[in-house]
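# Structural description and commentary
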Amino acid sequence: MSAKGMNRRQFLQSSSLAAGATVAATSGAAAQGMGLKALDDHSGRTLLKMTRDLYPHDTLADLYYMVVVEVLDAEAAGNDDTARLIKDGVAKLDGAMGVNFVDLSEGNRLAVLEAMESDPFFQKVRGTTVVALYNDPLVWRHFGYEGPSFEYGGYIDRGFDDLRWVGEPSADASPKAG
Amino acid sequence: MANYDLSDDSVVVVIGSGAGGGTLANELCQKGIKVVLLEAGKRYGENDFVNDEWDSFGQLSWLDKRTTSGTWRVAKDFAGLPAWICKTVGGSTVHWAGASLRFQEHEFKTRTVYGDVEGATLLDWPISLQDLEPYYDKAEDKMGTTRTHGIPGLPGNNNFKVMYTGAKRLGYKNVNTGRMSINSRARDGRPACQQIGFCFQGCKSGAKWSTLVTEIPAAEATGKLDLRTQAQALQIEHDADGKVSGVLYADKDGNRQLQKARVICVAGNSIETPRLLLNSASAQHPDGLANSSGQVGRNYMRHMTGSVYATFDKPVNMYRGTTMAGIITDESINDPARGFVGGYEMETLSLGLPFMAAFLDPGAWGRGFAEAMEGYDHMAGMWLVGEDMPQASNRITLHESETDQFGLPVPNVNFDDHANDIAMRNHAFKQGSAVYEAVGATNVYETPPYPSTHNLGTCRMSEKPQDGVCNKWGQTHELANLFISDGSQFTTGAAENPTLTIVTLAIRQADYIAEQMGQKSI
Ligand SMILES: Cc1cc2nc3c(=O)[nH]c(=O)nc-3n(C[C@H](O)[C@H](O)[C@H](O)COP(=O)(O)OP(=O)(O)OC[C@H]3O[C@@H](n4cnc5c(N)ncnc54)[C@H](O)[C@@H]3O)c2cc1C
Ligand code: SF4
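Residues numbered from 1 in each chain as written. Chains lettered and ligands numbered in written order. Predicted model: local features only at pLDDT ≥ 70, side-chain atom pairs only at ≥ 80, totals over all residues. Heavy atoms only, no water.

### Here we look at the overall build of chain A
Broken down by element type, chain A carries eight helices and zero strands. Helices and strands appear in chain A in the N-to-C order α-α-α-α-α-α-α-α. Of the contacts made within chain A by residues no fewer than 6 positions apart, 65% connect residues no fewer than 24 positions apart. Total accessible area on chain A is roughly 8,600 Å²; 50% of this is exposed by carbon and sulfur atoms. (Helix = DSSP H or I, 4+ residues; strand = E, 2+ residues; numbered from the N terminus. Contact = heavy atoms within 4.5 Å. Areas by Shrake-Rupley, 256 points an atom, 1.4 Å probe, with all protein chains shown as cover.)

### Describing the interface of chain B and chain A
Chain B puts 64 residues into the contact, and the matching count from chain A is 62 residues. When the area that chain B buries against chain A is broken down by residue, the three leading residues are Trp54(B), Lys161(B) and Trp365(B), summing to 16%. On the surface where chain B and chain A come into contact, there are five salt bridges. Put simply, Arg320(B) and Asp162(A) hold a salt bridge, and the shortest N to O gap is 2.9 Å. Applying the counting rule to chain B against chain A returns 30 residue pairs in polar contact (both at pLDDT 80 or more). (Buried area = accessible area lost by both parts, 1.4 Å probe. Salt bridge = Lys/Arg side-chain N within 4 Å of Asp/Glu carboxyl O. Polar contact = N/O pair within 3.5 Å; in protein donor to acceptor, adjacent residues only side chain to side chain.)

### Topic: the site of ligand 2
Taken together, Ile182(B), Cys193(B), Gln194(B), Gln195(B), Ile196(B), Gly197(B), Phe198(B), Cys199(B), Cys203(B), Ser205(B), Lys208(B) and Thr322(B) make up the full set of residues adjacent to ligand 2. Partitioning the shell around ligand 2 into residue classes produces six nonpolar, five polar and one charged. (Near = heavy atom within 4 Å. Nonpolar A, V, L, I, M, F, W, Y, C, P; charged D, E, K, R; others polar.)

### Description of the pattern of salt bridges
Residues and elements named next belong to chain B. On inspection of all chains with the given rule, the structure shows 31 salt bridges over all chains. With a closest N to O distance of 2.9 Å, Arg 228 and Asp 226 form a salt bridge. Its relative accessible area of 2% is what places Asp 226 among the buried residues. Ionic pairing is found between Arg 425 and Asp 417, a salt bridge with its closest N-O pair at 3.4 Å. Classification of Arg 425 as buried rests on a relative accessible area of 12%. (Buried < 20%, exposed > 50% of the residue type's maximum accessible area, 1.4 Å probe, protein only.)

### Considering the sheet that holds strand β16 (residues 443-447) of chain B
All names here are of chain B. Spatial strand order, β4-β11-β12-β13-β10-β16: six strands in an open sheet with antiparallel pairing. Among the strands making up the open sheet, the edge pair consists of β4 (175-176) and β16. Pairing of β4 with strand β11 (residues 327-328), which is carried by two bridges, proceeds in the antiparallel orientation. Of the residues in β11, the one forming a bridge with Val 175 is Ile 328. (Pairing = 2+ DSSP bridges.)

### Some words on the site of ligand 1
Residue and element names in this part refer to chain B. Near ligand 1, the surroundings consist of 39 residues, among which Gly 20, Glu 39, Ser 92, Asn 269 and Thr 499 are the closest. Within the side chain of Ser 92, an N or O atom sits 2.6 Å from an oxygen atom of ligand 1. Take Pro 498: an N or O atom from its main chain is 3.4 Å from an oxygen atom of ligand 1. Alone, ligand 1 offers 1,000 Å² of accessible surface; in the complex the protein occludes 98% of this. Contributing elements (two or more residues each) for the shell around ligand 1: α1 (19-30), β6 (232-238), α8 (269-279) and α12 (499-518). Its residues assigned to classes, the shell around ligand 1 comprises 17 nonpolar, 18 polar and four charged.

### A closer look at helix α4 (residues 62-78) of chain A
Residues and elements named next belong to chain A. Taking 1.5 Å per residue as the helical rise, α4 with its 17 residues ought to reach 24 Å, and the 24 Å between its terminal C-alpha atoms agrees with that figure. Summarising burial for α4: 12 of the 17 residues are buried, a large majority. Those residues of α4 lying buried are Tyr 64, Tyr 65, Met 66, Val 67, Val 68, Val 69, Glu 70, Val 71, Leu 72, Asp 73, Glu 75 and Ala 76. (Expected span 1.5 Å × (residues − 1).)

### Points about the sheet that holds strand β2 (residues 35-38) of chain B
Residues and elements named next belong to chain B. Strand order in the open sheet made by the five strands is β5-β2-β1-β9-β17, with parallel pairing throughout. Of all strands in the sheet, those bounded by a partner on one side alone are β5 (225-228) and β17 (482-484). The sheet shows a mean angle of 20° between the axes of neighbouring strands, direction not considered. Relative to β5, β2 is paired through four bridges, and the arrangement is parallel. Bridging from a neighbouring strand, Leu 38 pairs with Arg 228 of β5. Along the sheet face, α1 touches β1 (12-15), β2, β5 and β9 (263-266) and points at about 165° away from the line of β2. (Axes fitted to C-alpha atoms, helices over the stretch in contact; angles between N-to-C directions.)

### A closer look at the nonpolar core
The biggest cluster of nonpolar side chains holds 120 residues, and the ones touching the most others in it are Tyr134(A) and Tyr436(B). At eight residues, the largest contribution of residues to this core is made by α4(A). In contact with Tyr134(A), other than residues within four places in its own chain, are Tyr55(A), His57(A), Thr129(A), Trp140(A), Phe143(A), Leu353(B), Pro354(B), Ala357(B), Phe369(B) and Met373(B). Counting residues in hydrophobic clusters, the runner-up holds 51 residues, among them Val36(B), Val244(B), Met461(B) and Phe490(B). (Core = buried A, V, L, I, M, F, W, Y, C linked by side-chain atoms within 4.5 Å.)

### Some points on the pairing of strand β15 (residues 409-414) of chain B
Residues and elements named next belong to chain B. The buried fraction of β15 amounts to five of the six residues, a majority that puts the element mostly inside the structure. Where strand β3 (residues 67-69) meets β15, three bridges bridge the pair, whose relative direction is parallel. Across the sheet, the residue bridging to Thr 68 is Val 413, located in β15. Where strand β14 (residues 395-403) hands over to β15, the hairpin turn is made up of five residues, of which Gly 407 adopts a positive phi near 80°.

### Topic: the state of the cysteines
Summed over the entire model, instances satisfying the criterion amount to zero disulfides over all chains. The cysteine Cys265(B) is free of any disulfide, with Cys29(B) supplying the nearest cysteine sulfur at 11 Å. (Disulfide = S-S within 2.5 Å.)

### Quick word on helix α3 (residues 41-54) of chain A
Each turn of an α-helix holds 3.6 residues, which means side chains three or four residues apart point in the same direction. All names here are of chain A. Helix length check: α3, at 14 residues, gives a terminal C-alpha distance of 20 Å against a target of 20 Å (1.5 Å per residue), a fit within 8%. All buried positions along α3 are accounted for by Ser 43, Gly 44, Thr 46, Leu 47, Leu 48, Met 50, Thr 51, Asp 53 and Leu 54. Those residues of α3 that are buried are in contact with α4, α5 (80-95), α6 (106-115) and α7 (120-132).

### A closer look at the packing of aromatic side chains
All names here are of chain B. According to the stated counting rule, one finds 32 aromatic pairs over all chains in the structure shown. Taking the centre distance of 5.8 Å and the plane angle of 20° together, the rings of Trp 84 and Phe 359 count as stacked. A residue pair is termed long-range when its members are at least 10 positions apart, and Trp 84 in the loop between α3 (73-77) and α4 (110-114) and Phe 359 in helix α9 (residues 353-359) qualify at 275 residues. Both residues of the pair, Trp 84 and Phe 359, belong to the buried class. An aromatic cluster is defined as three or more aromatic residues linked by ring pairs; in this entry it consists of Trp 54, Phe 57, Phe 78, Trp 84, Phe 200, Phe 355, Phe 359 and Tyr 450. (Phe/Tyr/Trp six-rings, centres within 6.5 Å; stacked < 30°, edge-to-face > 60°.)

In structure tokens, the structure reads:
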């Protein structure tokens, strides 16, 4: 029994934390333009719109959402079920109002997505996006999250207590370092 | 390191190397007792840990299949992950934040003090705070807990400053950087905290106490410990005259081995411990080992939990420094006038951006959520953790059809919040929000429970055999040489984080086991 592989897959199927492990496994997804392996161009553009609608950060360039689409593409390339789920899902998005999803107004796109919330396709894309988008070190910068700190000696000398807009706690409540 | 024979029936076998098992194994070795420590996970060192939330999650977590049921929100948000705990040498002490609080006197007597709470299976512990005090003292010394034994508190980080200011404005009296088993200065071969901020990802500096960095190396130094990693216990065997005799486990190559034993101590955390007893059912023990009371797996507690995050006009950068950097203890009293029995703690907590996205509001999407995330570096946060009510139906059972990689039934975790838990969470959300509003919060977010990090009570201690699984020493009522050595023993959960008490009970249990072995009673 190849226990490990099995666990991982079962886990991925059963947990909404699943995407985390997947993203970690497909790290290094190229961020420069979409080189899609399994999905056609239309699907790629539709997913790009959808991922942005799901987690809209207006000042984040498309580049960062493309990383998410590439994660979905990589999964579709390795798994026929996922490929089918995405293909059918894109067709549903396009069919909902008789106008392709990418051509819908923002309000109409949201209405279509809201109506699809319980659809496995929607859940797959949402679950993947919420992990892949916010797990990208380049995106961390946008949010002011500094990421790994051990190699810089932690924050002991780099501002762990640099907040000055409230008063200092008493020495009893918060002794000086060292 | 020792290397005992599989047929050596003079050894004590300890299952699980976390807070309970790792400590117990060391304490027994210090007394010259031969110990085989079976640990399902791999051994990592400080250099292996990664400052990356998802990578670390994949490295350290227990990801074997589990299922959920019941009305708790975790079953909806994280259906396949009821608990967030570790499978690695050191167990969940590799993950833990380090908060080390003693239980309060009344929390050992909840049935007496809280009375008959409808739907709850409250019971007094068969021991008191006084019984545990000398052992709490030893545990704090061993763990280097700040604000005990003359050890100074840790310095507060930005997240703490915000909480402190709000707490004081609200009139709370007891707010400080807490009792933490993280070195505020070098001690016991471990350095002072570097405020790295990845306490949940395995502390790379070793400033944080864990059984991995302290207990297991100390046990190895005695020459009495035989630690077997990637060794997952599958079943406990027994003989005809009411004693357990050995542990069947899968070794790192997946081969089954049977280790004979004089004494067996189970410390797999509160889901795997009852599962192992249930999976060990035999003709003589048809409902599972030590389960004629029917209590194995019942009364599962996970603490009332929730979080409050708030954003401010100015930056906080809460992720810098210790993850759990301070505490307000004013609400941990029992004051039924608040509309519930028992109390809760308010502890700062920070998540990195990846985990914040996953946990802030699981399942949420759209502009509102994105805007909340935009406030990440202006955010402060706290975790709310309080006593939940034990209930017979909150329970670990074996799944009817799903099996794991060894062909054994997987555990199902069924949980419903008790009305008291809901009332307490509501109060805690209001108070946590008020703390941040007092500092001028622009937005406040009430975050639902994460997968359970505190898992308790599924083989509880009881005075009478019909009320629980083990006695005041963690010795099962039915099988004299079978012990429960982790948080499963807890009769009730108390408001405080459990690990200090798990370690305390393990130290005390080691004394008892050594004495009983000396007297040839076991
Ligand atoms: C993120 C996080 C933060 C926390 N912070 C705090 C805190 O600040 N303060 C606090 O008090 N507590 C905290 N906790 C909780 C604390 O980690 C646990 O209470 C404690 O570690 C439980 O001890 P244990 O011995 O019961 O189990 P664990 O420490 O989980 O150890 C169980 C071990 O048994 C092994 N095992 C299980 N089944 C088997 C089997 N069949 N065969 C072989 N091995 C097996 C597992 O792999 C694991 O290594 C935190 C937990 C988490 C996850
Ligand atoms: S903040 Fe301190 S305890 Fe936490 S990981 Fe860093 S050094 Fe370790």
